[in-house]
Amino acid sequence: EAERQYRVRSRGANIVSSRMVSKKELTDKLERRGATEEEAADTADWLEELGALNDEAYAAAVARHYGRMGYGKLRVRQELQRRGISRELWDAALEELPESAGTIEALLQSRLKGRTPDRDEGRKLSAMLQRRGFTWQEIRGVLQRFLDGEDLPEE
């Protein structure tokens, strides 16, 4: 029994030493590798007590990563949920995201490269931004400026 616990804990320590994971991801990996649900939960609790597993820090890191990649709050929230982060930690993590308008503007400038889009392209850009996790309210004002040609760089 003690040897089995040692092996499961050793596997868990190896997993968290290679990259950050959530408590849920760790328990799922351990269970896939043969640990019982109770052994996986015990190992996750042990690593959490040691400070090697921290869902709050992991959630903030995930939010910063996806924010730098140009994703909005809805997409980041979906990713946090997929990774097993509890809802209580979402709000603090989402505060790590840059301002939506700035991110949307940077994405549009990158896509348009100084051109003014027509209405059809504007609809496609809006759909792309919604898929990236931005709400219509966040998109509308910034996109309208591009459609009106207001955000074009001066030459």
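Here, every reference points to the structure presented above.
Below, the structure is looked at part by part.

Rules used throughout
- Residues numbered from 1 in each chain as written.
- Predicted model: local features only at pLDDT ≥ 70, side-chain atom pairs only at ≥ 80, totals over all residues.
- Heavy atoms only, no water.
- Helix = DSSP H or I, 4+ residues; strand = E, 2+ residues; numbered from the N terminus.
- Buried < 20%, exposed > 50% of the residue type's maximum accessible area, 1.4 Å probe, protein only.
- Lys, Arg positive; Asp, Glu negative; His and termini not counted.
- Salt bridge = Lys/Arg side-chain N within 4 Å of Asp/Glu carboxyl O.
- Polar contact = N/O pair within 3.5 Å; in protein donor to acceptor, adjacent residues only side chain to side chain.
- Contact = heavy atoms within 4.5 Å.
- 1 Å grid on protein atoms, 1.4 Å probe; cavity = no way out; pocket = protein on both sides within 12 Å on 5 of 7 lines; lining within 4 Å.
- Points joined across faces, edges and corners; volume = space filled by probe spheres on them.
- Nonpolar A, V, L, I, M, F, W, Y, C, P; charged D, E, K, R; others polar.
- Expected span 1.5 Å × (residues − 1).
- Phe/Tyr/Trp six-rings, centres within 6.5 Å; stacked < 30°, edge-to-face > 60°.
- Lys NZ or Arg CZ within 6 Å of the ring centre and 35° of its normal.

**Here's the deal with the side chain of Asp-55**
1) Next: Relative to the assigned elements, Asp-55 resides in helix H4 (residues 55-68).
2) Next: Lys-23 provides the closest opposite charge to the buried, salt-bridge-free Asp-55, at an N-O distance of 6.7 Å.
3) Next: Here the side chain of Asp-55 touches Lys-23 through a polar contact of 2.8 Å, landing on its backbone nitrogen.
4) Next: If sequence neighbours within four positions are ignored, Asp-55 has contacts with Val-21, Ser-22, Lys-23, Ile-85 and Leu-89.

**Some points on empty space enclosed by the protein**
Picture a little ball the size of a water molecule; that probe, rolled over the atoms, points out where space is still empty.
1) Next: Per the counting criterion, the structure on display carries one cavity of 30 Å³ or more.
2) Next: For the largest cavity, the calculated volume is near 50 Å³.
3) Next: Lining of the largest cavity is provided by Gly-67, Tyr-71, Gly-72, Lys-73, Leu-97, Pro-98, Ser-100, Thr-103 and Phe-134.
4) Next: Classifying every residue of the lining of the largest cavity by side-chain character gives four nonpolar, four polar and one charged.

**Some words on H4**
1) Next: The end-to-end C-alpha distance of H4 is 20 Å, a good match for the 20 Å that 14 residues give at a rise of 1.5 Å each.
2) Next: The secondary structure elements touched by the buried residues of H4 are helix H2 (23-32), helix H5 (73-82) and helix H6 (90-94).
3) Next: Between a side-chain oxygen at the N-terminus of H4 and the backbone nitrogen of Glu-56 the separation is 3.0 Å; the capping residue is Asn-54.
4) Next: One or two steps after H4, the chain reaches Gly-70, where phi turns positive at roughly 90°.

**Here we look at the environment of Ile-139**
1) Next: Note that Ile-139 resides in helix H9 (residues 136-147).
2) Next: Ile-139 sits in the buried class, given a relative accessible area of 0%.
3) Next: Counting along the chain gives 87 residues from Ile-139 to Ala-52, while the straight-line C-alpha distance between them is 39 Å.
4) Next: Residues contacting Ile-139, with those up to four places away along its chain left out, are Ile-104, Ser-126, Leu-129, Gln-130 and Phe-134.

**Some thoughts on the packing of aromatic side chains**
1) Next: In this structure the tally under the stated criterion is one aromatic pair.
2) Next: The ring of Tyr-71 is capped by Arg-75, whose NZ or CZ atom sits 5.3 Å from the centre of that ring.

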